[in-house]
Amino acid sequence: MSNAEFLSNMEIEVKAKIDNVEEIKEKILVSGGILISKNLIKDFSLDFEDGRLQKRDCVLRVRVFENGGGILTFKGPRKAGEQYKVREELEVRVDDGINVVKIFERLGFRVTFRADRIREIYEFKDEKVRVMLDVFPEIGAFIEVEGNKRGIEKVIKKLRMKREEFTALTLHHYIEDYKNRFGRVPKLTFDD
């Protein structure tokens, strides 16, 4: 794995649903955020047939980018807390994300969840915080603020957003909310 890069840390983040992506982009840029990437992302969550990873509140995900490369991620169980989503996160960059999915399928895993998004990543270097803007096919747009707790709070203030807009809820919560409101599962991929 000469081109693989191993990353390990605790993921600390908050998320908020947003209505006006352009307004939030402007707030990010005015507040000192620097755009570092924009990408179409396809996420594949994998588990064994018996769902043992989900039962342990763990996630095995392959994130595939437009150029075919990707990131293999393991996320450990969420730590209790309402203000922040906190969990162990181990990542390895890979050259061919789809083949990584196929390898896991050959080993007995199955894709249990798939979601696409267009993601813009902004960095606030002074606070060591990243802000992600995600646009999904049907459930709308979200902002995620990730970093250390103090930095997260500073960036939320810089963005002039209300702290109570941000939660530790996961994407699955918003999918369930959509199902309850519209009586169907939202479209989660950009595939036809």
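See above for the structure.
Note that the coordinates shown come from a computational prediction; the quantities given were computed from them, not determined experimentally.

Reading the values: the criteria
Residues numbered from 1 in each chain as written. Predicted model: local features only at pLDDT ≥ 70, side-chain atom pairs only at ≥ 80, totals over all residues. Heavy atoms only, no water. Helix = DSSP H or I, 4+ residues; strand = E, 2+ residues; numbered from the N terminus. Contact = heavy atoms within 4.5 Å. Patch = residues over 30% accessible without salt bridge, like charges linked within 9 Å, V, L, I, M, F, W, Y side chains within 5 Å. Areas by Shrake-Rupley, 256 points an atom, 1.4 Å probe, with all protein chains shown as cover. Salt bridge = Lys/Arg side-chain N within 4 Å of Asp/Glu carboxyl O. Pairing = 2+ DSSP bridges. Phe/Tyr/Trp six-rings, centres within 6.5 Å; stacked < 30°, edge-to-face > 60°. Buried < 20%, exposed > 50% of the residue type's maximum accessible area, 1.4 Å probe, protein only. Lys NZ or Arg CZ within 6 Å of the ring centre and 35° of its normal. Core = buried A, V, L, I, M, F, W, Y, C linked by side-chain atoms within 4.5 Å.

With respect to the helices and strands, the residue Phe65 is situated in strand 3 (residues 59–65). When the C-alpha atoms of Phe65 and Asp96 are compared, they prove to be 9.3 Å apart, with 31 residues separating the residues in sequence. The contacts of Phe65, once residues within four sequence positions are left out, are Asn39, Leu40, Ile41, Gly70 and Ile71.

The next thing to look at is a nonpolar patch on the surface. Together, Ile118, Val135 and Phe190 line one region of the surface with nonpolar side chains, adding up to about 200 Å² of accessible area. Its place among the elements puts Phe190 in the segment after helix 5 (171–182).

Our next topic: the pairing of strand 2 (residues 34–48). Inspection of the sheet shows strand 2 paired to strand 6 (residues 109–124) by 14 bridges, in the antiparallel sense. Among the inter-strand pairings, Ile41 is bridged to a residue of strand 6, identified as Arg117. As judged from the 6 bridges shared by strand 2 and strand 3, these two strands associate in the antiparallel manner. Bridging from a neighbouring strand, Lys42 pairs with Val64 of strand 3.

Right, let's get into the packing of aromatic side chains. Evaluated as defined, the whole model comprises 5 aromatic pairs. Ring centres 5.2 Å apart and planes at 90° place the aromatic pair Phe104 and Phe109 in the edge-to-face group. Of the two residues, Phe104 and Phe109, neither departs from the other in class, the shared state being buried. Chaining the aromatic ring pairs together yields one cluster made of Phe48, Phe104 and Phe109. For Arg52, the ring lying beneath its charged end belongs to Phe48, and the centroid distance is 3.9 Å.

Bringing the nonpolar core into the picture now. Considering soluble globular proteins, one finds that nonpolar side chains tend to be buried as a cluster. Core analysis: the largest hydrophobic core is formed by 23 residues, its most contacted members being Ile28, Val131, Ile143 and Val145. Among the elements that take part in this core, strand 1 (residues 6–18) stands out by supplying 4 residues, more than any other. Each residue touching Val145, except ones within four places of it in the same chain, is listed here: Ile12, Glu13, Val14, Val129, Arg130, Val131, Ile152, Val155, Ile156 and Phe166. Formed by 13 residues, the second largest nonpolar core is a distinct cluster that contains Phe44, Cys58, Val94 and Val100.

Following the sequence through the fold, Lys27 ends up in helix 1 (residues 21–30). Judged by relative accessible area, Lys27 falls into the buried class, the value being 16%. Each residue touching Lys27, except ones within four places of it in the same chain, is listed here: Leu159, Arg160 and Met161.

The next thing to look at is the pattern of salt bridges. Applying the stated criterion across every chain, the model contains 28 salt bridges. Taking the shortest distance from any N to any O, the salt bridge between Glu22 and Lys25 comes out at 3.3 Å. Taken together, the residues span about one helical turn, with Glu22 and Lys25 both in helix 1 at a distance of 3 residues. On the basis of relative accessibility, which here comes to 16%, the residue Lys25 falls in the buried class. For the salt bridge of Lys25 with Glu120, the shortest nitrogen-to-oxygen distance reads 2.9 Å. Linking Lys25 in helix 1 with Glu120 in strand 6, this pair joins segments that are 95 residues apart in sequence. With relative accessibility at 7%, the residue Glu120 sits in the buried group.

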